[in-house]
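Here's the letter readout for the chains.
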Amino acid sequence: MTESIPTRRRARYLLWLAAAIVLCGGPLRIDAQHARRPSRIGVLNAAWAASHPTVEGLKAGLKDLGLEEGRDVVFDIRFTEGKLAAMPAAAEALVKSGVDVIFTSQEAATQAAKQATNAIPIVFTLVGDPIGAGIVSTLARPDANVTGVSSLQTELVAKRLEVLTTLAPGARRVWIVYYGNDLSTTPLIHKALDVARGMKLDVVPKAVLDADALRAALREVRRGDVVLAPDGSNPDLAIAIIERSLALRIPAVFGTALWVGYGGLMSYGPDYYAQGVQAAALVAKILRGARPQDVPIEGAEKIDLAVNLKTAELLGLTVPRKILLRADAFRR
Amino acid sequence: MKTNASQGRLFRKYVVVLLLLVGGVLMVSSLVELYFAYRETQVAIVRVQRAKAVAAASRIEQFLGEVAMQVRETTRTASDDPDASQTGPAKVGFRQGLGAALAEQRQLDFLRVLRNVPVIAALSHLDLAGKEQLRVSRLEPDVVGSQRDLSSAPSFVQARTGKTYWSPVYLKNESEPYVTLAVPAGKYAVEVTTAEVSLAPVVKIVSQIDVGEAGVAYVVDTRNQLVAHPDSRVLRAHRDLSGLVQVQSARADRPASSGDATQAVVAEGLGGGRVLAAHAAIAPLGWLVFVERPAADAYAPLRAPIIRSVVIFVLGLALSVLASIFLARRMVAPIRKLQEGAALIGAGNLGHRIELRTGDELEALGDELNRTAAQLEASHATLERKVEERTRELAQANAEITEALDRQTATAEILRAISQAQTDVQPVFDVIAESALRLLGAWSAAVFRYEHGLIGSASARGGLPGSSESHIAERQRISPTHDYPPGRAILTRRLQHIVDVDTDTSWGELFRTEARQRGFRSVVAVPMLRDHEALGVIGVTRGEPGGFTPAEIALLQTFADQAVIAVENARLLSELHARTVQLTRSVEELKALGDVSQALNSTLDLETVLSTIVSRANQLAGTDSCSIYEYDEQAEEFHLLTSDKLAEEVVAVARRSPIRRGEGVAGRMAVTREPVQIADIAAPGAYQGPLRDVLLRAGTRALMGIPLLREGHLIGGLTVTKKTRGEFSAEVVGLLRTFASQSALAIQNARLFRDLGSARRDAEVANEAKSAFLATMSHEIRTPMNAVIGMSSLLLNTDLTEEQREYAEIVRSSGDALLTVINDVLDFSKIEAGRMELEAQPFDLREGVEAALDLVSARAAEKGLDLAYQIADTTPAAIVGDVARLRQILLNLLSNAVKFTEQGEIVLTVSARPLETHGTYELTFSVRDTGIGIPPDRLGRLFESFSQVDVSTARRYGGTGLGLAISKRLTELMGGTITVDSRVGHGSEFRFTLRAASAEGAVLPRRELRGAQPSLEGRTVLAVDDNETNRRILDAYLRSWGMTVHMTGSPREALAWVEAGQSFDLAILDMHMPELDGVALARAIREHPRAATMPLLLFTSLGRREVGADSVRFAAHLTKPIKPSQVFDAVVAALAGQPTRVDRRAPAPVELDPEMAVRHPLRILVAEDNIVNQKLALRLLEQLGYRADVAANGLEAVAAIERQPYDVVLMDVQMPEMDGFEASREISRRWPDEARPRIVAMTANAMQGDRELCLAAGMDDYVSKPIRVDELVAALQRSAPAIRAPRGDGAASPATDVLDLDAFERLRTAMGAGFLDELLSTFVEDTQELVGTMRRAIGDKDIDALRRAAHSLKSNAASVGAMMLSGMARDLETLAKSGSFEGARARLDRVAAECERVARALSEVERGH
């Protein structure tokens, strides 16, 4: 039984090979952790500063959802300081900079973003009527790359009329002065006309196209009338209505508490900050890979009633308990 | 083989047993380890998931419980509080009030809930009976007392039992889940409060559960409906989940759910795929929270241990395999050696011995085997020898049979070769040679062809190695001789058989020596004969003497016959083929020529044609390149035009240096004019062209040139090259000749075309120059003409003696005539240069025609000619076109007619024919005269420029002869034609047509004169005119208005009718009648009492100046030609008993009205550098009563306006320093439109476009030089004095500026005191109203209303002395009369402003008094 030398050598060689394979077993385990770069969120609005309440809300909301600024998300905020004409260029610039999602506020920014891209997902806020404004054709399954939080302008018109007439019970004629080129106002007008019939109110819609026409239209508003201001991108309207309202002591209701702060009598509508927080959930979903088409448009969850008691006093109105009880904010 | 297999089996057996022992143990241990790892992992995962589910369930429970509690609490207090606070003071009688207060309180409570609980969207209160009494919503208006009956709704029923009721989940907006909560309310809990609760927080809770990447958590309600799911898509699908295994299992073990927490449920997940599911219950509601994780994802941690186990297992297995192989091998090796040895011996290798040194039983077995093998080996040898002998015998017999068979096979093979290769005989010969060599066992075999008296080898086999077999083959083809067998066989046509070359002396020593050298001894040569003609021979040789058997020779005979058949076949087929090729070639040639001529016909582009030619020629002639050269006769040089496949280098050289006459091929054929070819250009001295080197480099060897000849002229050459030496075939030469003639034709065509093009360009340049010259000349002539005409006009307005007046009039009329000539020439040049542009404006056709007639009516009347016109009813009243140009044509034809007619009539008729395009017409105008006529031979040249009928006519009648030429061109520009018919001595008729769109829709001031007119219908009229045309026209009009017409050409007859007592409402008489003139007839009619008061209308040619016309009272005097509008007015007025003002547009010269400045005060500045023109303008203005200021250039003009205001600036366009355009722009820039003076351009540039230039520069109006008084007056009338506040000193009071105080004062004294008040108020009222009326009229486009209002305002203003206002109103009136609204609004604004000023001035005057 003599063992040949080559055979023994071969066996030894095989042993070493086996040992080497066992020792190098490490490479079989694949390290699944790879560094992830922060997602880039583009923000587009007509605000005067980067700290628009919706943006602040968005940041807070994302943080609540575990997305830390700097680590998980970074923001590219473009605000046009009230210039709507600058919007398309700003949207183009955002798209070029290669953001992962665009967060917009109000119709103009949303439309501009939609014009600029059909690939990058867009999450909007402060859009009164996404269908009426022609941004989407259905809420549950939005078209293409757009979803967001609707500020329920059309839905809330009845409630606005109600709170307005609760505060000014004598009012019979309601003026709705709006910018004629704002498509989303049309459903609002229809709803208002519809609701007003039951409330025995006379609704006078007045479309204006520029500041002159706006002034002219407001000149027709008389004492005893009330005004409902649609929530739009252009602040001129609200400011002109506040001026007229204060000058002639005409009650007016606004879509957002912002104008109550500027002397508007009252507002009934969603909170800007809360809409930002709400939209953060949608942004997070999209960043986690959901397609905008699969993220339904939500109605604003937090709806506030704000009253300026000083203006009420100036207008000689007694704020009834119903309003006081319901109001979320007062300004004295 | 058997032993081998069994040996392998043994080896395998050992290996398998060893493997099973080691590997089995390894595998069992790995599997056990894996199973336990799997169990542990699963338990851990399920435990985690369950913990998450429980946490979520408790959070949801807490949330919903809180909501329910809030609603419950609030509604309880809502019912209790008012009771507590109000039972005391309240009385039963206040029940209603109490109810209201309660409702109010409840609403407030609800509002509080809405504020506190944001997830509640709406709250309702249901009363005892289940009727909804109050609904408070976040989005909708609140509703009180809707009385909606919900008594049978589960919410009400359930809540009445005292329980909290949760409704099934429903979706709002297709994506937001809501649930209705119902709780008992009120003091006795018999009423119910319902709340709509948003489940968004529930969704949020489940969304926040972290279940790995692919895991999901969701909630189902008691009915197993999905309530909340992070993905709204799934939620929307609203799937009933009762079917899911995990749900069923959860429902089943619900009582013990808290017990077996580790029991994992592996089931199909919501989204498909296997999942690990755990759940927890939301106790009070019976809802379940599920936490699912895909199994694959869950077991991910197991993956590493599995891989590890598998690796160890595999390694172990590998080691055991190696070990078993080694061991088995050691045991099996000696056995195998033994087995192999036995196998070898068994297989017959009896010499083999087995070597085995194991020293055991195996070695003994080996030795035994070796012995047995040795014995076997000895007996084997004898057997083998016997077998060998027998085999040899068998082979002998076999060979004979094979030989016969082989011969037959060979014959068949040859036949097959014949049938396969029909055109090529070589394979047949090859088979024959091969078969002969093989079958006859020959030394060599060969087939020879005999053609054209020469013999040559076609195929050979065998013979000496390395050389072709035959001596014949070596020497190629030779003439056959008797010295060799093949030659003799051919010459004798007999078979030659040599049994032994050495002994057969009938063959020469030469052959025999050669045979010996080569090594053959016997030979046979069989001729291949067709009809006694030898086609070849088959020769076979053998190395040994003895000749060939008869069978062998017969076989060769057969081969020879078969070869003949093959040769014949091939010959016939190749003949056929040649014919086919020839045919194809001619078809191709025809096609190529077709292509070339098509290219020639389809394009004039020489390049295309020639490249088609060269490429087709090259292709067809089979040459290597083809080129075409053009011959320059002057330089005697050839230039390369185009080439096909010519090497680039050659092209470059050819393009660089042209080939001179006599040089190269092309050069040579320029001399010979015949095709020239060089078969080898490399041959010394054959070719010396400049291209020789490059051609050689390109590989070209032969060259040919064909001259391109056209009508005996050499115009170029076509050359071809090829890369092989040799002449070009006659066929190619013929073909290229054809192509050459095509090329010649193409080049000639192109040359002609080129010449034509340059001639046209020359003509265009000349034409441009002519136009420019004419424009300049026109300007240069007009400036002095201005002076001549203007000054002579002024001269005529001074006191002159008869003689002086006559001279001045001649100067004046000559000037006018000259101007006409210049205008004609200018027009003509414009048309010639294509610069004439026609306007397209709607205009009244009748007015346009009448205007032309008016201009010749005076001259016609002077010559005693009747002038008539008629427009057919079908003619559109208004058309779109250029009225000025239409008038120009008409005027030209009419003045010619008047000029060439001494007596008789001139009739203009207009008719129209609708065209296919809707609303467009072809209008035909005809001017017929009874003049001298035109001889037939002159008719053709009539419309040519500068042509009159003959020179004598020109002398007699004058004129440039351009008129008709211009008319013809204008007609053509308008889309029509002009023709003439004439008979010498009888007259001519010119007829022209034009195409125009009807402008019926356009607003044009005209009356509808068509159809029956109510005021005239049924009235009887007597009309007397000796001229038949006039009668016909008059009759047509009068009848069309519904009148009864009694028409006669004889005054006597008319008189007879009156005498006979016939009564007429009206009579229309012509003045000029042969028997009795109009006045005399009128007098005679008046004699009769019946007709004493009958209104009479008189047609004259000269108007009221008619002698004696005054002696009879006529209702109206009408001028000829008959104009329907005029006749209509006169007839209507006469029947209404009113005298008619007949608007006579007499062509008398415009009178200078010295009062104009009074009526129409203007401050005028004349900007003009030319002293003569300055004087002229100033004098003209002076005669109109204006005193104007003068500026010598634009700068001065601007400075003057700076100093003081002007109403009008007459602005010369061409001035030094600053021209009129620039000055106008400057003025427009400095002063606003309403404050700046009106600028009227004066320019001698009468070319089209000048007007536009002037207006573009800011000028308002335009008069052309020479200045015509009427044009100037019209321009001034169009200028209203600008309204402006007094600038500078302000000396004049507004009143004096606005009111003519003298006139005012006159009125005042005439009317007496107290008048002013009334006047003021009436005036202000009236003017305001009138201004309003005018505004409306402009808005409504009601021109009549505008005209009437303007007229009233004009007289009102004049009556108070507001002359400026009056003038402005008159301007508006004039504008309205002209039928235009252009600028009406601006004028009206000025009028309105002036009205206010007048009102102010009036009150000021009043205050002054």
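Please read all numbers here as calculations on a predicted model, not as lab measurements.

**Details of the overall build of chain B**
Working step 1: Helix and strand content of chain B: 41 helices and 40 strands.
Working step 2: The buried share of chain B, reckoned over its 1409 residues, is 46%.
Working step 3: When the accessible area of chain B is evaluated, it comes to approximately 69,700 Å², of which 54% is carbon and sulfur surface.

**Here's the deal with the pairing of strand β1 (residues 120-126) of chain B**
Residue and element names in this part refer to chain B.
Working step 1: A large share of β1 lies buried, amounting to seven of its seven residues.
Working step 2: Across six bridges, β1 lies against strand β7 (residues 191-198) in antiparallel orientation. Residue pairing across strands places S124 opposite T194, the latter belonging to β7.
Working step 3: Pairing analysis gives five bridges linking β1 to strand β2 (residues 132-137), with the strands arranged antiparallel. The partner of H125 across the bridge, within β2, is L134.

**What about the packing of helix α32 (residues 1194-1203) of chain B against helix α33 (residues 1220-1230) of chain B?**
Residue and element names in this part refer to chain B.
Working step 1: Between α32 and α33, the least distance of the axes is 9 Å, while the angle of their chain directions is 25°. Judged on the interaxial angle alone, α33 and α32 are roughly parallel. Regarding α32 and α33, the two cross each other, and that crossing is right-handed. Contact residues: G1194, V1198, I1201 and E1202 in α32; A1223, E1226, I1227 and R1230 in α33.
Working step 2: Classifying every residue of the contact of α32 with α33 gives four nonpolar, one polar and three charged.

**Focus on helix α3 (residues 87-97) of chain A**
Residues and elements named next belong to chain A.
Working step 1: M87, A90, A91 and L94 are the residues of α3 that are buried. Buried residues in α3, looked at end-on, bunch into an arc of 100°, giving them a common side. Facing away from the buried surface of α3 by more than 90 degrees, the exposed residues are A89 and K96.
Working step 2: Positioned one or two residues after α3, G98 has a phi angle of 75°, which is positive.

**Description of the interface of chain B and chain A**
Working step 1: Each partner contributes to the interface: chain B provides 30 residues, whereas chain A provides 36 residues.
Working step 2: Regarding the contact of chain B and chain A, the summed buried area is about 3,000 Å², with carbon and sulfur atoms giving 57% of it.
Working step 3: It is B:R115, B:L139 and B:R330 in chain B that bury the most area against chain A; as a group they hold 19% of the surface buried on that side.
Working step 4: The interface formed by chain B and chain A contains two salt bridges.
Working step 5: Inspection of the region where chain B meets chain A yields 10 residue pairs in polar contact (both at pLDDT 80 or more).
Working step 6: Elements that contribute at least two residues to the side of chain B that touches chain A include exactly α2 (95-116), β2, α5 (232-237) and α8 (303-346) of chain B.
Working step 7: Broken down by class, the residue content of the side of chain B that touches chain A amounts to 13 nonpolar, six polar and 11 charged.

**Re the sheet that holds strand β11 (residues 274-282) of chain B**
Residue and element names in this part refer to chain B.
Working step 1: Ordered in space as β9-β8-β12-β11-β10, the five strands form an open sheet in which the pairing is antiparallel. Of all strands in the sheet, those bounded by a partner on one side alone are β9 (226-228) and β10 (265-268). When the angles between neighbouring strand axes are averaged without regard to direction, this sheet yields 45°.
Working step 2: Where β11 lies against strand β12 (residues 287-294), eight bridges are found, and the strand directions are antiparallel. Across the sheet, residue H279 finds its bridge partner in β12, namely F290.

**Section: the sheet that holds strand β9 (residues 252-254) of chain A**
Residue and element names in this part refer to chain A.
Working step 1: Pairing in this open sheet of seven strands is mixed, and the strands run β7-β6-β8-β9-β10-β12-β13 from one edge to the other. The open sheet terminates on both sides in strands that have one partner only, identified here as β7 (202-208) and β13 (329-331). On average, each strand axis in the sheet is tilted by 20° relative to the strand beside it, whichever way the strands run.
Working step 2: Examined bridge by bridge, strand β6 (residues 173-179) and strand β8 (residues 226-228) share three bridges and lie parallel to one another. Across the sheet, the residue bridging to V174 is V226, located in β8.
Working step 3: Where helix α5 (residues 153-167) meets the sheet, it contacts β6, β8, β9, β10 (266-270) and β12 (303-308), and its direction lies at approximately 155° from that of β10.
Working step 4: Along the sheet, helix α8 (residues 235-248) contacts β6, β8 and β9; its crossing angle with β9, the most-contacted strand, is approximately 155°.

**Focus: helix α40 (residues 1363-1377) of chain B**
Residue and element names in this part refer to chain B.
Working step 1: The end-to-end C-alpha distance of α40 is 20 Å, a good match for the 21 Å that 15 residues give at a rise of 1.5 Å each.
Working step 2: The buried fraction of α40 amounts to 12 of the 15 residues, a majority that puts the element mostly inside the structure.
Working step 3: Looking at α40, one finds that the buried residues are M1364, L1365, S1366, G1367, M1368, A1369, R1370, D1371, L1372, E1373, L1375 and A1376.
Working step 4: In the segment just after α40, G1379 is the residue with positive phi, at about 85°.

**Brief notes about the packing of helix α27 (residues 1051-1059) of chain B against helix α28 (residues 1078-1087) of chain B**
All names here are of chain B.
Working step 1: Running from N to C, α27 and α28 cross one another at 10°; their axes reach a closest spacing of 10 Å. Taken together, the axes of α27 and α28 lie roughly parallel to each other. Between α27 and α28 the crossing geometry is right-handed. Listed contacts from α28 to P1051, L1055 and V1058 of α27 are L1081, A1084 and I1085.
Working step 2: Taken together, the residues that form the contact of α27 with α28 break down as six nonpolar, no polar and no charged.

**Notes on the side chain of B:E922**
Working step 1: Along the chain, the position of B:E922 falls in strand β28 (residues 920-929).
Working step 2: Contacts of B:E922, omitting those with residues within four sequence positions, involve B:S911, B:A912, B:R913, B:L915, B:T993, B:L994 and B:R995.

**Brief notes about the side chain of B:R846**
Residue and element names in this part refer to chain B.
Working step 1: By secondary structure assignment, the location of R846 is in helix α21 (residues 845-862).
Working step 2: Although R846 is buried, it makes no salt bridge; D844 carries the closest opposite charge, 5.1 Å away.
Working step 3: Not counting residues up to four positions away in its chain, the partners in contact with R846 are Y869, I871, A877, Y1037 and P1124.

Basis of the calculations
- Residues numbered from 1 in each chain as written.
- Chains lettered and ligands numbered in written order.
- Predicted model: local features only at pLDDT ≥ 70, side-chain atom pairs only at ≥ 80, totals over all residues.
- Heavy atoms only, no water.
- Helix = DSSP H or I, 4+ residues; strand = E, 2+ residues; numbered from the N terminus.
- Buried < 20%, exposed > 50% of the residue type's maximum accessible area, 1.4 Å probe, protein only.
- Areas by Shrake-Rupley, 256 points an atom, 1.4 Å probe, with all protein chains shown as cover.
- Pairing = 2+ DSSP bridges.
- Axes fitted to C-alpha atoms, helices over the stretch in contact; angles between N-to-C directions.
- Parallel < 35°, antiparallel > 145°, perpendicular 65-115°, else oblique.
- Left-handed = near helix turned anticlockwise from the far one by under 90°.
- Contact = heavy atoms within 4.5 Å.
- Nonpolar A, V, L, I, M, F, W, Y, C, P; charged D, E, K, R; others polar.
- Arc of directions from axis to C-beta.
- Buried area = accessible area lost by both parts, 1.4 Å probe.
- Salt bridge = Lys/Arg side-chain N within 4 Å of Asp/Glu carboxyl O.
- Polar contact = N/O pair within 3.5 Å; in protein donor to acceptor, adjacent residues only side chain to side chain.
- Expected span 1.5 Å × (residues − 1).
- Lys, Arg positive; Asp, Glu negative; His and termini not counted.

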